Protein chains: 2
Amino acid sequence: MTTIKDVAKRAGVAVSTASLALNQSERVSPSTAEKVMKAAQELQYRKNGWARDLKMQKTQMIGLILHDLSGPFYASIIKGIEQTLLSYGYGLIACSTLGETLGTAERFLHERRVDGVIIFSSDIKDQTLIDVSREDFPVVVMDRVLSHPYLYSVTAHNHQGGYQAAEYFIKRGHKAIGYISGPANNLDSQLRLKGFSQCLADYHFADVPTKWHIRGDYSQQGGYQAARLLIEQGNLPTGLFVSNDEMAFGALKAFAEAGVRVPEDLSVIGFDDVELSQYVRPSLTTIKQPKFEMGSLAAHKVIQHLQGDAPKEHSVLPTELIERESSV
Amino acid sequence: MTTIKDVAKRAGVAVSTASLALNQSERVSPSTAEKVMKAAQELQYRKNGWARDLKMQKTQMIGLILHDLSGPFYASIIKGIEQTLLSYGYGLIACSTLGETLGTAERFLHERRVDGVIIFSSDIKDQTLIDVSREDFPVVVMDRVLSHPYLYSVTAHNHQGGYQAAEYFIKRGHKAIGYISGPANNLDSQLRLKGFSQCLADYHFADVPTKWHIRGDYSQQGGYQAARLLIEQGNLPTGLFVSNDEMAFGALKAFAEAGVRVPEDLSVIGFDDVELSQYVRPSLTTIKQPKFEMGSLAAHKVIQHLQGDAPKEHSVLPTELIERESSV
DNA sequence: CTGTTAGCGCCTTCAT
DNA sequence: ATGAAGGCGCTAACAG
């Protein structure tokens, strides 16, 4: 392992000089600079980023903790985060909390390996986040709202989104309305349901009967199975709100297989507006979350905090119903 | 920023003792251990991961460099990598090469921030990989094949996959065959095309005429536009091979909109077997890459190398045609 | 069982 | 313009 020392020795200069040269400082003569560069080249020198960070007391990197690194839902959010971070000269490194053990995520959280983190994974407990956030380690959550110093949140207005879905059904004259919800421990899902029920109540409709309220897990398979359940009960609703697009895709598959026509027999509304929503057949009516903006805003908050600018604690971004072919 | 020194002082012990206690060593008496723990608690001590890594000369983390952190195609690969890494006690951190600047990716590559890397992004040049790989920094590429010490590769048998697609069309009696390829600089795409053409030649078919060979960019939009182009030419082929599933989704949308019936008027075959392929309508016939295995194998190679076990340099995994509704 | 000492690789005053 | 020395936070001999 060749270090800056080796480079200095080979170039015949002091370590400090080598350091300066390697960092393009002006304070070193062109000739020595060149010598150093040449030596570095010859020795295949690679700087050790962590040693530098240790000295500098910062990494210029923000950690992103996701439940599932590759969920389609995260796509735009990540882009939003990445772009904003980049514009401030920060890098993004991501990890997931998929495996039982929180491995890497823990290390980001507990070992000061990044300058701040953005979290979108309900696998991390509230208490952990509270414990871990501090003045020089801001935390932004995107899947819940937590009030604590150094802890910020950016979420979509899930309640509103649920409300919009219900209102759509009501205004279109649907009477028989069903709901496929997300994981029980998931706050987003709870809020969507709450908004949905609220709207039903506001319009003096009965709440969704339990036989039409199936719990899913936000996966395509889960949506498929939930829809199968609905189908096997006979007697389908005419409007079905599925609390995320992925499950909606699974549900659409199940309906297609069972010969249930969407939207003729059954209108389906999803949630998220994943890119693919417009590509499935029938294309999916859905509640859009402003994902790119959410990501961008989350990144802004981390950076602003790091720069001492005290950003707004909680931001809730509006949702929007996007009508496509799956509903009528 | 509270350090281990502060903890030691507060607990009234030496730094080394504190270190031992904090790392659950047996060599420290329960009573002192407790004192240390208590002090750490009170001071809200967080260990500094980099300092530890610096000392230990390893991070126990592998970097994953993707073109686009959230492409659906990566989903299974990431799971494969993650699971294997985990079983060896390694963590995974990922970054993308999306923004113009390779920012974080560069830092992984050049600054020894991880113990090894796995790469699936054609944004990184061959030469960079060659320069950067070394005995104590193994590199595994998944989007190309490179021969160099400390550089390993895991790919799907893209040539074979292309061949399978063509053979399917031929055996089903298709005479008019089209092709939507990927980005020009993409090796995978080139191989798929080559395999496809090879098969055509083997069966004494003419190669795909240029008017039916459209270049895409592996995105849904790209696939959509490519298909539009095909449609506007009038005169469609009866069999269309699209070199990845994402583009195929876009193409299916274009065909649906234009009233081209799939598979009655036109059979479509994709490539990858992304999870969603089975959920779109019509579900997509596609060439499956063993993504999970590929990821797992890539991870194994990094680890094996790190453990001094000299893994096989190149691995090419077989593809498989999965027939669904989009072809006949 | 615990403390002393010596770095890991790097950057940065402070001299020269 | 360059060099010497100190230290970031941590761990690991080596003594005691």
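Residue positions are given per chain, counted from 1 along the sequence in the order it is written. Whichever chain is written first becomes A and whichever ligand is written first becomes 1, with later ones labelled in order. At least 70 in pLDDT is required for a residue's local features to be given in this predicted model, at least 80 for side-chain atom pairs to be given and counted, and no such filter applies to totals for whole chains, interfaces and linings, which use all residues. The basis for every side-chain value is the complete set of heavy atoms in the structure, and neither hydrogens nor water enter the calculation.

- By the naming in an unreviewed UniProt entry, chain A is HTH lacI-type domain-containing protein, taken from Jeotgalibacillus soli.

1. Some thoughts on the domain arrangement of chain A
Link 1 in the chain: Residue ranges labeled as domains rest on an automatic or database domain assignment. Segmentation of chain A into domains returns domain 1 (4–54), domain 2 (61–156 + 291–316) and domain 3 (158–290).
Link 2 in the chain: Placing a centre on the C-alpha atoms of domain 1 of chain A and another on those of domain 2 of chain A gives a separation of 35 Å.

2. Things to note about the protein's contact with DNA strand D
Link 1 in the chain: In the vicinity of DNA strand D, 28 residues are found, and the nearest of them are Ala14 and Gln57 of chain A together with Ile4, Ser16 and Tyr45 of chain B.
Link 2 in the chain: Residues are labelled near a given molecule or strand when at least one of their non-hydrogen atoms is within 4 Å of it. Within 4 Å of the protein, the contacting atoms of DNA strand D are 70% sugar and phosphate, with bases supplying the remainder.
Link 3 in the chain: Arg52 of chain B places a side-chain nitrogen or oxygen 2.9 Å from a phosphate oxygen of DNA strand D.
Link 4 in the chain: Of all the secondary-structure elements, those providing two or more residues to the surface near DNA strand D are α2 (15–22) and α4 (49–56) of chain A together with α1 (4–11), α2 (15–22) and α4 (49–56) of chain B.
Link 5 in the chain: Among the elements that take part in the surface near DNA strand D, α4 of chain B stands out by supplying 4 residues, more than any other.
Link 6 in the chain: In terms of residue class, the surface near DNA strand D is made up of 10 nonpolar, 11 polar and 7 charged. As used in this structure description, the phrase polar contact means that two N or O atoms lie within 3.5 Å; if the pair is within protein, one of them must be able to donate a hydrogen and the other to accept it, and residues adjacent in sequence are counted only when both atoms belong to side chains. The helix and strand labels rest on DSSP assignments: H or I over at least four residues marks a helix, E over at least two residues marks a strand, and numbering proceeds from the N terminus. Three classes are used, and their members are as follows: Ala, Val, Leu, Ile, Met, Phe, Trp, Tyr, Cys and Pro are nonpolar, Asp, Glu, Lys and Arg are charged, and the others, Gly among them, are polar.

3. A closer look at the relation of the copies chain B and chain A
Link 1 in the chain: Each copy superposes on the other: chain B lies on chain A with an RMSD of 0.1 Å after a rotation of 180° and an axial shift of 0.0 Å. On the angle and the small slide along the axis, the relation comes out as a two-fold axis.
Link 2 in the chain: It only takes one pair of heavy atoms within 4.5 Å for two residues to be counted as in contact. Comparing contact sets, 96% of the residues at the interface of chain B also lie at the interface in chain A, consistent with an isologous, same-surface contact. To superpose the copies, least squares is applied to the C-alpha atoms of every residue with a pLDDT of at least 70 in both.

4. What to know about unusual backbone geometry
All names here are of chain B.
Link 1 in the chain: Between Val262 and the following residue, Pro263, the backbone shows a cis peptide bond with an omega angle of 10°.
Link 2 in the chain: Here Arg281 and Pro282 are connected by a cis peptide whose omega angle stands at -10°.
Link 3 in the chain: As for its placement among the helices and strands, Pro282 is situated in the loop between β9 (267–272) and β10 (285–288).
Link 4 in the chain: The backbone of Ala310 sits at a positive phi, close to 35°, despite the residue not being glycine.
Link 5 in the chain: Along the chain, Ala310 falls in the loop between α12 (291–306) and β11 (314–317).

5. A short note on the packing of aromatic side chains
Link 1 in the chain: Each Phe, Tyr or Trp ring (for Trp, its six-membered ring) is paired with any other whose centre lies within 6.5 Å, and the angle between the two planes then decides the class: stacked below 30 degrees, edge-to-face above 60, tilted in between. Applying the stated rule across the entire model yields 16 aromatic pairs over all chains.
Link 2 in the chain: Relative to Phe169 of chain A, the ring of Tyr168 of chain A lies with its centre 6.1 Å away and its plane at 70°, an arrangement referred to as edge-to-face.
Link 3 in the chain: When its relative accessible area of 8% is taken as the criterion, Tyr168 of chain A is described as buried.
Link 4 in the chain: A ring pair is formed by Phe73 of chain B and Phe120 of chain B, whose centres lie 5.5 Å apart and whose planes are at 80°; its orientation type is edge-to-face. Here Phe73 of chain B is found in the loop between β1 (61–66) and α5 (74–87), whereas its partner Phe120 of chain B is found in strand β3 (residues 116–120), with 47 residues between them in sequence. You'll find Phe73 of chain B and Phe120 of chain B in the same group, each marked buried.
Link 5 in the chain: One aromatic cluster is present, built from ring pairs that chain together Tyr179, Phe196, Phe241 and Phe271 of chain A.
Link 6 in the chain: Positioned above the aromatic ring of Tyr224 of chain A is the side chain of Lys253 of chain A, whose terminal nitrogen or guanidinium carbon lies 5.3 Å from the ring centre.
Link 7 in the chain: We call a charge positioned over a ring when the NZ of a Lys or the CZ of an Arg lies within 6 Å of the ring centre and within 35 degrees of the ring normal. The residue whose ring lies beneath Lys253 of chain A is Tyr279 of chain B, and the NZ or CZ to ring-centre distance is 5.1 Å. Here the term buried applies to any residue with accessible area under 20% of the maximum for its type, exposed to any over 50%, and partly exposed to those in between, with areas from a 1.4 Å probe on protein chains only.

6. Brief notes about the nonpolar core
Link 1 in the chain: If you look at the biggest cluster of nonpolar residues, it comprises 138 residues, and the most contacted ones within it are Phe196 and Phe255 of chain A together with Ile118, Phe196 and Phe255 of chain B.
Link 2 in the chain: Here, the term nonpolar core denotes a set of buried Ala, Val, Leu, Ile, Met, Phe, Trp, Tyr and Cys residues that are joined through side-chain atoms within 4.5 Å. Among the nonpolar cores identified, the runner-up in size contains 36 residues, and Ile65 and Ala105 of chain A together with Ile65 and Val114 of chain B belong to it.

7. Quick word on the protein's contact with DNA strand C
Link 1 in the chain: Among the 28 residues in the neighbourhood of DNA strand C, the closest are listed as Ile4 and Tyr45 of chain A together with Ala14, Thr32 and Gln57 of chain B.
Link 2 in the chain: Ala14 of chain B places a main-chain nitrogen or oxygen 2.7 Å from a phosphate oxygen of DNA strand C.
Link 3 in the chain: Of all elements in the fold, only α1 (4–11), α2 and α4 of chain A together with α2 and α4 of chain B reach the threshold of two or more residues within the surface near DNA strand C.
Link 4 in the chain: Per element, the largest residue contribution to the surface near DNA strand C is 4 residues, and it comes from α4 of chain A.
Link 5 in the chain: Here the surface near DNA strand C is composed, by residue class, of 9 nonpolar, 11 polar and 8 charged.

8. Comments concerning the sheet that holds strand β12 (residues 320–322) of chain A
Residue and element names in this part refer to chain A.
Link 1 in the chain: Strand order in the open sheet formed by 6 strands is β7-β6-β8-β9-β10-β12, with mixed pairing between adjacent strands. Each having just a single partner strand, β7 (213–215) and β12 make up the two edges of the open sheet. Direction aside, the axes of adjacent strands within the sheet are offset by 20° on average.
Link 2 in the chain: The pairing criterion is simple: DSSP has to find at least two bridges between the two strands. Both strand β10 (residues 285–288) and β12 contribute to a ladder of 3 bridges, which runs antiparallel. Following the sheet pairing, Ile287 is matched in β12 by Leu321.
Link 3 in the chain: Lines are fitted to the C-alpha atoms to define the axes, a helix being fitted only along its stretch in contact, and any angle between axes, read from their N-to-C directions, falls within 0 to 180 degrees. Against the sheet, helix α11 (residues 245–258) contacts β6 (177–181), β8 (239–242), β9 (267–272) and β10, and its axis sits at roughly 155° relative to β9.

9. Thoughts on the pairing of strand β5 (residues 151–156) of chain A
All names here are of chain A.
Link 1 in the chain: Within β5, 6 of the 6 residues are buried, which leaves the element mostly enclosed by the surrounding structure.
Link 2 in the chain: Covered by surrounding structure in β5 are Leu151, Ser153 and Thr155 together with Tyr152, Val154 and Ala156, the residues of both alternating faces.
Link 3 in the chain: By the bridge criterion, 3 bridges tie strand β4 (residues 139–141) to β5 in an arrangement that is parallel. Note that in β5 the partner of Val139 across the bridge is Leu151.
Link 4 in the chain: In this structure, β5 lies alongside strand β11 (residues 314–317), joined through 4 bridges in parallel fashion. The partner of Ala156 across the bridge, within β11, is Leu317.

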